[in-house]
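Below, each chain spelled out in residue letters.
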Amino acid sequence: RAPAVWKLQARRRLVSENRVTQRVEWAIELSRPNGSSAGRNLYSSVIPAHASPDTQRALALAAASINADLVIGWLNSERERVLALTR
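Residues numbered from 1 in each chain as written. Predicted model: local features only at pLDDT ≥ 70, side-chain atom pairs only at ≥ 80, totals over all residues. Heavy atoms only, no water.

Novice: Sorry if this is basic, but what is going on with the pattern of salt bridges here?
Specialist: Side chains that differ in sign of charge can pair as their charged atoms come close. Under the definition given, this model contains six salt bridges. For the salt bridge of arginine 32 with glutamate 78, the shortest nitrogen-to-oxygen distance reads 2.9 Å. Placement of arginine 32 in the loop between β2 (21–31) and β3 (37–48) and of glutamate 78 in helix α2 (residues 68–86) is noted, with a sequence separation of 46 residues between them. There is no split in this pair, since arginine 32 and glutamate 78 are both buried. In this structure, aspartate 54 engages arginine 57 in a salt bridge whose closest nitrogen and oxygen atoms are separated by 2.4 Å. A residue pair is termed a helical-turn pair when its members lie 3 or 4 positions apart in one helix, as aspartate 54 and arginine 57 do in helix α1 (residues 53–66) at three residues. Here the salt bridges do not stand alone but share partners, grouping Arg32, Glu78 and Arg81 into one network. (Salt bridge = Lys/Arg side-chain N within 4 Å of Asp/Glu carboxyl O. Helix = DSSP H or I, 4+ residues; strand = E, 2+ residues; numbered from the N terminus. Buried < 20%, exposed > 50% of the residue type's maximum accessible area, 1.4 Å probe, protein only.)

Structure representation (structure tokens):
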């Protein structure tokens, strides 16, 4: 049997752009092994309009890192939920 796998995703969606910058909306989501969401956060930022793939990856990693405390909170809430179900 395969181990349970949680998934943390950082997605971005282009909201608007000009020659120099892009305004993007970020969605950070933690998914349970069954695919349901354990937590989600949305926020927007401005990035360079012509960012390289490496820069785009770095920005996605930064988005996940910035939300680390939030993700820890989601995991703590999940632990409490599971403990309550087993009582």
